[in-house]
Amino acid sequence: MSGIGRTTLYGLLSQGKIKARKCGRRTLIMVDSLESYINSLPYHQPDGRQVSD
């Protein structure tokens, strides 16, 4: 869905930046948590500068 890799997602989980739930052995990333994290990232600028909201 996001294009973010599994290792990166687990790193974000351990840093407390996103939330997840467990369903048996599966780790389910909460959509609202992932959307909030992605929305908090700066926008990409073609000239290399980063611009935030």
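Scroll up a little and you will see the structure.
Residues numbered from 1 in each chain as written. Predicted model: local features only at pLDDT ≥ 70, side-chain atom pairs only at ≥ 80, totals over all residues. Heavy atoms only, no water.

Enquirer: Please explain the overall build of the protein chain as it appears in this structure.
Expert: Counting secondary structure elements, the protein chain contains 2 helices and 4 strands. Counting all 53 residues of the protein chain, 11% fall into the buried class. As presented, the protein chain carries roughly 4,600 Å² of accessible surface, and 50% of it is formed by carbon and sulfur atoms. (Helix = DSSP H or I, 4+ residues; strand = E, 2+ residues; numbered from the N terminus. Buried < 20%, exposed > 50% of the residue type's maximum accessible area, 1.4 Å probe, protein only. Areas by Shrake-Rupley, 256 points an atom, 1.4 Å probe, with all protein chains shown as cover.)

Enquirer: Please clarify how the pairing of strand 1 (residues 20–23) should be interpreted in this entry.
Expert: Put simply, side chains in a regular strand alternate between the two faces of the sheet. Sheet topology places strand 1 next to strand 2 (residues 26–29); 4 bridges connect them, and they run antiparallel. Its bridge partner being in strand 2, R21 is matched across the sheet by L28. Here strand 1 folds back onto strand 2, and the loop between the two strands holds 2 residues, one of which, G24, carries a positive phi near 65°. (Pairing = 2+ DSSP bridges.)

Enquirer: How should the nonpolar core be read in this particular structure?
Expert: Soluble globular proteins tend to pack their nonpolar side chains together in the buried interior. Grouped together as the largest cluster of nonpolar side chains are 5 residues: L9, L12, I18, L34 and Y37. Elements with a minimum of two residues in this core: helix 1 (6–14) and helix 2 (31–40). (Core = buried A, V, L, I, M, F, W, Y, C linked by side-chain atoms within 4.5 Å.)

Enquirer: Any chance you could explain helix 2 here in plain terms?
Expert: For an α-helix the count is 3.6 residues per turn, leaving residues at separations of three or four pointing the same way. Listed in full, the buried residues belonging to helix 2 are S33, L34 and Y37. Viewed end-on, helix 2 has its buried residues packed into an arc of 95°, placing them on one side of the element. Exposed side chains of helix 2 directed beyond 90 degrees from the buried face belong to D32 and N39. For helix 2, the elements touching its buried residues are helix 1 and strand 2. (Arc of directions from axis to C-beta. Contact = heavy atoms within 4.5 Å.)

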